[in-house]
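Understanding the architecture of this molecule
As a plain string of letters, each chain reads:
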Amino acid sequence: MDKEETYKAHVMVLPHHGQGHMNPMVQFSKRLAAKGIKITVTTTLSNTMAMEEEAASGDHGSINFESIYDDPSEGGVAGPGGFGGFLERFEAIGSTNLVHLIKKFQDSNNPVKCLIYDANIAWASNVASELAIARASFFTQSCAFVAGCYPMHCDLAGVTPAIPPLSITTGFPELRLPHLPSLGPQTGRYPPIMRFMLRQFDNSENADWVLFNSFHKLEEEVINWMSGLWPVRAIGPTLPSSYLDNRVKDDHDYGFNIITPDAGACSKWLDSKAKRSVVYVSFGSAFSLSSEQAAEVANALLHSSKNFLWVVKPSEEDRLPTNFTSDRGLVVTWCPQLAVLGHEAVGCFVSHCGWNSTLEAISLGVPVVAMPQFLDQITNAHFVEHVWKVGIKPKIDDEGFCRSEEIEACIEMIMQGERSREIQTNLCRWRALAKEAVDEGGTSDTCIDEIIAKLSTL
Ligand SMILES: O=c1ccn([C@@H]2O[C@H](COP(=O)(O)OP(=O)(O)O[C@H]3O[C@H](CO)[C@@H](O)[C@H](O)[C@H]3O)[C@@H](O)[C@H]2O)c(=O)[nH]1
């Protein structure tokens, strides 16, 4: 039999282009592919080329990559009109190309049966309608954050909530604009970045599935509430299988980096350090610290007695204090974060609490000093400290900064003493539950199997 005919179905996957979106959606694709689904991931040309390069080293299984947007020619986020301009061009050009790409497969042995699109690309739902194929919207933030946004979405769209807003027994903060100081001057009730987030809700009611990179026990209350709104499925955490259940062959890495990491230098340096002696510091791919906040972090690291590995992206290097150096520290422009968090020398993660970093800390058992900068990171940090109890959040002063003494005190508290032991105990439990969710018969694994069973009948 032709190998092409052995697939259970063909699924097109469309992630938003950023690191924090590519990672979970490509990882979910790998899980589907390992269970017999043909996957085509479609993204910008630069991302396609980067993924293909890494795929040559064997980390993407049988996934194919196709570009629907030539960002070097048409302009990326640094092109005309900044991020907003890019979004407009991407929709105009990408939607036409996506239709052509899906049609290209229509007469093959494996026509596309379903489009899984990033909720941040809500227009893709219209493409699925036009071509009469199934669709799934994939949210890359936590269920709790999205639930917190729902009343704002209804307000902005002028619609009555379909179900009463979540009554919050877990005590997460109401997500209102005064809690989002880093959004800059607020023009109108919802600034552009918030509107971008709220557009994720567009078309959700038409989706066959609404997917979350989360797992049932982690966000049980919110997932149950949201299931009254949409056909929600929690399918995460989407870390490479070798860090969790080890059932997906050759799945050791995300296989995509916005900046080439110096993996060798990081592992050599970590290998030379004692167990749990290193503070790992990273604020993710999408955000840069201000010079003032970077100076506070630098001072905390210099005054603390701990070793540190700090990711400072090239765009942030000028924010570091002049002549910043320490024989206890290594500063890199990017690192293989999973390998770092999984290294026994690492005992603490100073993090912006992006959703991927949060799930990685939980899944690999690393305590978090939570320094959220905006949007979902604020909700995630709250859950890290108060709900899952796997970290501590330094206080923010009246000017909106975490000062060095506060950061240093949190690092000390999280790495030794009574609080540190409690956090380690909680992490052990969450880590086991994360693995259980994706392992055979776990809640996430079962959701994936149900989706595949349905896809096989289309
Ligand atoms: O040196 C590094 C630093 C990070 N990472 C990886 O990059 C990803 C970063 O993702 P995340 O922690 O979610 O942060 P951002 O890249 O900042 O993610 C954006 O997208 C996320 C998903 O929507 C949101 O939760 C965040 O708030 C938003 O800033 C993670 O998988 C990390 O493992 C590396 O591989 N090497």
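Residues numbered from 1 in each chain as written. Predicted model: local features only at pLDDT ≥ 70, side-chain atom pairs only at ≥ 80, totals over all residues. Heavy atoms only, no water.

Under the annotation held in an unreviewed UniProt entry, the protein chain carries the name Glycosyltransferase and is attributed to Perilla frutescens var. hirtella. Here is the UniProt Sequence similarities (unreviewed entry) comment for the protein chain, exactly as written: "Belongs to the UDP-glycosyltransferase family." Quoted verbatim from the Pathway (unreviewed entry) field of UniProt, the annotation for the protein chain is "Pigment biosynthesis; anthocyanin biosynthesis." (UniProt positions renumbered as here; feature names shortened; annotations may be inferred.)

1. Regarding the pattern of salt bridges
The final tally for this structure, using the stated rule, is 19 salt bridges. Ionic pairing is found between Arg-31 and Asp-245, a salt bridge with its closest N-O pair at 2.7 Å. Linking Arg-31 in helix H1 (residues 19-34) with Asp-245 in the loop between strand S7 (232-234) and helix H9 (263-271), this pair joins segments that are 214 residues apart in sequence. Under the relative-accessibility criterion, Arg-31 is labelled buried at 8%. Residue Asp-245 is classed as buried on the basis of its relative accessible area, which comes to 8%. A salt bridge links Asp-445 to Lys-35; the shortest N-O distance between them is 2.9 Å. (Salt bridge = Lys/Arg side-chain N within 4 Å of Asp/Glu carboxyl O. Helix = DSSP H or I, 4+ residues; strand = E, 2+ residues; numbered from the N terminus. Buried < 20%, exposed > 50% of the residue type's maximum accessible area, 1.4 Å probe, protein only.)

2. Concerning the sheet that holds strand S8 (residues 278-282)
Strand order across the open sheet formed by 6 strands is S10-S9-S8-S11-S12-S13, with parallel pairing between neighbours. Edge strands, defined here as strands with exactly one partner in the open sheet, are strand S10 (329-332) and strand S13 (391-392). Of the strand pairs in this sheet, S8 and strand S11 (residues 346-351) are connected by 5 bridges, and their pairing is parallel. Each bridged residue has a counterpart across the sheet, and for Tyr-280 the counterpart in S11 is Phe-349. Sheet strands touched by helix H10 (residues 291-303): S8 and strand S9 (307-311). Its angle to S9, the strand with the most contacts, is close to 160°. (Pairing = 2+ DSSP bridges. Contact = heavy atoms within 4.5 Å. Axes fitted to C-alpha atoms, helices over the stretch in contact; angles between N-to-C directions.)

3. Digging into the environment of Ser-267
Its location among the elements puts Ser-267 in helix H9. Between the C-alpha atoms of Ser-267 and His-343, which are 76 residues apart in sequence, the distance is 8.2 Å.

4. A word on the site of the ligand
Within the structure, the ligand sits among 25 residues, and Ser-285, Cys-335, Ser-357, Glu-360 and Asp-376 are positioned closest to it. Glu-360 places a polar side-chain atom, nitrogen or oxygen, 2.6 Å from an oxygen atom of the ligand. Here the ligand, which alone exposes 690 Å², has 96% of that area covered by the protein. Of all the secondary structure elements, the ones that give two or more residues to the shell around the ligand are H1, S8, helix H12 (355-364) and helix H13 (376-387). (Near = heavy atom within 4 Å. Polar contact = N/O pair within 3.5 Å; in protein donor to acceptor, adjacent residues only side chain to side chain. Areas by Shrake-Rupley, 256 points an atom, 1.4 Å probe, with all protein chains shown as cover.)

5. Some thoughts on the sheet that holds strand S1 (residues 9-14)
Strand pairing in a sheet is mediated by backbone hydrogen bonds. Such pairs are either parallel or antiparallel. Pairing is parallel in the open sheet, where 7 strands are placed in the order S3-S2-S1-S4-S5-S6-S7. The sheet is open, and its two borders are formed by strand S3 (64-69) and S7, each paired with just one other strand. Taking the axes of each pair of neighbouring strands and ignoring which way they run, one obtains an average angle of 25° across the sheet. Here strand S5 (residues 134-139) runs beside strand S6 (residues 209-212); their pairing, made up of 4 bridges, is parallel. Each residue of the ladder has a partner; that of Ala-136, found in S6, is Trp-209. Packing against the sheet, helix H4 (residues 82-104) makes contact with S1, strand S2 (37-44), S3 and strand S4 (112-118), and its axis sits at approximately 130° to S3.

6. Considerations on the nonpolar core
Core analysis: the biggest nonpolar cluster contains 124 residues, and Leu-14, Leu-98 and Trp-310 have the highest contact counts within it. For this core, the leading source of residues is helix H6 (residues 143-157), giving 9 residues. Once residues lying within four places of it in the same chain are set aside, the contact partners of Trp-310 are Val-281, Phe-283, Ala-294, Val-297, Ala-298, Leu-301, Leu-320, Phe-324, Leu-330, Val-331 and Val-332. Grouped together as the second largest cluster of nonpolar side chains are 29 residues, Val-26, Ile-63, Phe-65 and Trp-209 included. (Core = buried A, V, L, I, M, F, W, Y, C linked by side-chain atoms within 4.5 Å.)

7. Some words on the packing of helix H14 (residues 404-415) against helix H15 (residues 418-438)
Between H14 and H15, whose axes approach to 5 Å, the crossing angle comes to 65°. Each of Met-413, Ile-414 and Met-415 in H14 lies in contact with H15, whose residues at this interface are Arg-419, Ser-420 and Ile-423. By residue class, the composition of the contact of H14 with H15 is 4 nonpolar, 1 polar and 1 charged. (Nonpolar A, V, L, I, M, F, W, Y, C, P; charged D, E, K, R; others polar.)

8. Let's talk about H10
End to end, H10 covers 18 Å across 13 residues, agreeing with the expected 18 Å (1.5 Å per residue, within 8%). Listed in full, the buried residues belonging to H10 are Gln-293, Ala-294, Glu-296, Val-297, Ala-298, Ala-300 and Leu-301. Contacts from the buried residues of H10 go to S8, S9 and H14. (Expected span 1.5 Å × (residues − 1).)

9. Concerning unusual backbone geometry
For the bond from Gly-236 to Pro-237, the omega torsion is 0°, close enough to zero to count as cis. Within the fold, Pro-237 resides in the loop between S7 and H9. Unusually for a residue other than glycine, Asn-246 sits at a positive phi of about 55°. Structurally, the position occupied by Asn-246 is in the loop between S7 and H9. With a relative accessible area of 54%, Asn-246 lands in the exposed category. For Asn-323, which is not glycine, the phi torsion reads 60° and is therefore positive. As for its position among the elements, Asn-323 is in the loop between S9 and S10.

10. Some remarks on the packing of aromatic side chains
Geometry of an aromatic ring pair is reported as the spacing of the ring centres plus the angle between the planes. Under the definition given, this model contains 18 aromatic pairs. Pairing Phe-287 with Phe-374 gives two aromatic rings, centres 5.6 Å apart and planes at 80°, and the pair type is edge-to-face. Of this pair, Phe-287 sits in the loop between S8 and H10 while Phe-374 sits in the loop between strand S12 (368-370) and H13, and the two are 87 residues apart along the sequence. One exposure class covers both Phe-287 and Phe-374, and it is buried. (Phe/Tyr/Trp six-rings, centres within 6.5 Å; stacked < 30°, edge-to-face > 60°.)

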